[in-house]
Structure formats: structure tokens, C-alpha cells
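# Chains, contacts and geometry: an overview
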Amino acid sequence: MVGALTEELKVTNICLVEKVIHYDMDTSAADHCEVGRYLEYQDIYLPTTKKYVQLVKNHYPFIRPVICASGDKFIADETKKRVLNHDFKADICDMESAAIVLICDQNNILNLILKTVSDSITGGAAEFRSSIEKAADICLEILDDILKEL
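Residues numbered from 1 in each chain as written. Predicted model: local features only at pLDDT ≥ 70, side-chain atom pairs only at ≥ 80, totals over all residues. Heavy atoms only, no water.

### Considering a nonpolar patch on the surface
Let me state the cut-off plainly: Residues with no salt bridge and a relative accessible area higher than 30% make up the patches, which join like charges within 9 Å and nonpolar side chains (Val, Leu, Ile, Met, Phe, Trp, Tyr) within 5 Å. A 1.4 Å probe and the Shrake-Rupley method give the accessible areas. Residues count as covered only by the protein chains that appear here. Basic side-chain nitrogens of Lys or Arg form a salt bridge, by our definition, when they fall within 4 Å of a carboxyl oxygen of Asp or Glu. The numbering of helices and of strands both runs from the N terminus, where a helix is a DSSP run of H or I of at least 4 residues and a strand a run of E of at least 2. Under the scheme applied here, a residue whose accessible area is under 20% of the maximum for its type counts as buried, over 50% as exposed, and between as partly exposed, the area being computed with a 1.4 Å probe on protein chains only.
A cluster of nonpolar residues, Leu-140, Leu-143 and Leu-147, forms a patch on the protein surface that exposes about 270 Å² of accessible area. Among the structural elements, Leu-143 can be located in helix H5 (residues 125–149). Taking relative accessible area as the criterion, Leu-143 reaches 31% and is therefore assigned partly exposed.

Next comes the structure, spelled out in C-alpha cells:
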């Protein structure tokens, strides 16, 4: 489940994460690199597995490709959501996608991240709590279909 960082994304919209920015990663005081940057990556974005991204794009064109801002806090505040969108061009935010991509890459494991919006840009914790079950069911249905394609 993710929070939307744009007006266009609504609760229960499903998203395909193409890349992730770990916005809490900040070593700039030590190495003067950009916030979110892991030096072993080409830029600040952590890419998900391209062949799986392309498979989803080919078979499920209605699933929106997105950039996910990932950090160690639940973002409920609309202003903070807008800052993440502005600073990192991110469409959604969560607390786990950066860790998933980093661990997969370190262990040479392919990955695919699908997310369902559980709270809108103006929504917060209450909207999240009220929509989490429906959002999870939608994501699991799509994921089940995708796994049949692999």
C-alpha cells in the first residue's frame, strides 16, 4: 500500500514501480553527493528489474508506471507529499520499496514491485486505514494474474 503524491492517483489505483528514490538516504555531509544517492548506482534512482517492468507494461497497459519515494516514515501530511513529488519527481511513497530493491540487488534477485494506492495526496492515516483491505485485494488479484504470465 502506498500514499499518492499527485492529484491524478486515486485510492485503489494500481501502480508499477519502475524506480525508487530512498529519500531518507543522505550522506551528503560526508561525500557531497545528492540526497538519496547510493554511489554504486548510476543516479539517485534504484531501478526495479527491467524485464519484469516490460512484461507488466506489455500485458497490463492500464497499470501506471511510477517512481516511488521510499523512507522510514509514514507520510500523511499533504505538504510533505507535495515536497517528495517536487524534489524527486515521485508519484507515490512507501516505507519498504528501497529496502526491497537494495536487498534484491545485493543478492542478485530479480524484483517486481506493484503497489495499490491506499491514501490520496490529501488523505492520511484515516483514509489509509479505511481503504487498506480493498487496496490489498486489488493488488493481490493483479499480482496473481502476473505470476501466471511468468
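### What to know about the nonpolar core
The cut-off we apply is this: Residues grouped as a nonpolar core are buried Ala, Val, Leu, Ile, Met, Phe, Trp, Tyr and Cys residues, joined through side-chain atoms within 4.5 Å. Residue contacts are counted whenever heavy atoms from the two residues lie within 4.5 Å of one another.
Formed by 18 residues in total, the largest nonpolar core has its most connected members in Val-17, Val-20, Leu-46 and Ile-92. Listed by contribution, the elements that provide at least two residues to this core are strand S1 (2–4), strand S2 (14–22), strand S4 (64–70) and helix H4 (97–106). With residues near it in sequence (within four places) discarded, Ile-92 still touches Val-2, Gly-3, Leu-5, Leu-9, Cys-15, Val-17, Val-66, Ile-67, Cys-68, Ala-69 and Lys-115. Judged by nonpolar contacts, the second largest core, of twelve residues, contains Tyr-23, Ile-44, Leu-84 and Phe-88.

### Observations concerning helix H2 (residues 50–59)
Our working rule: Working definition: the arc comes from the directions between the helix axis and the C-beta atoms, pointing outward to the latter.
Residues of H2 that are buried: Tyr-52, Val-53, Leu-55 and Val-56. Viewed along the axis of H2, the buried residues span an arc of 160°, placing them on a single side of the element. Turned more than 90 degrees from where H2 packs its buried face, Lys-50, Lys-51 and Asn-58 sit exposed.

### Points about unusual backbone geometry
Although it is not a glycine, Lys-89 sits at a positive phi angle of roughly 60°. Inspection of the secondary structure puts Lys-89 in the loop between helix H3 (78–88) and strand S5 (92–94). Taking relative accessible area as the criterion, Lys-89 reaches 56% and is therefore assigned exposed. Within the chain, Asn-108 stands out as a residue other than glycine whose phi angle is a positive 55°. Secondary-structure assignment places Asn-108 in the loop between H4 and strand S6 (114–119).

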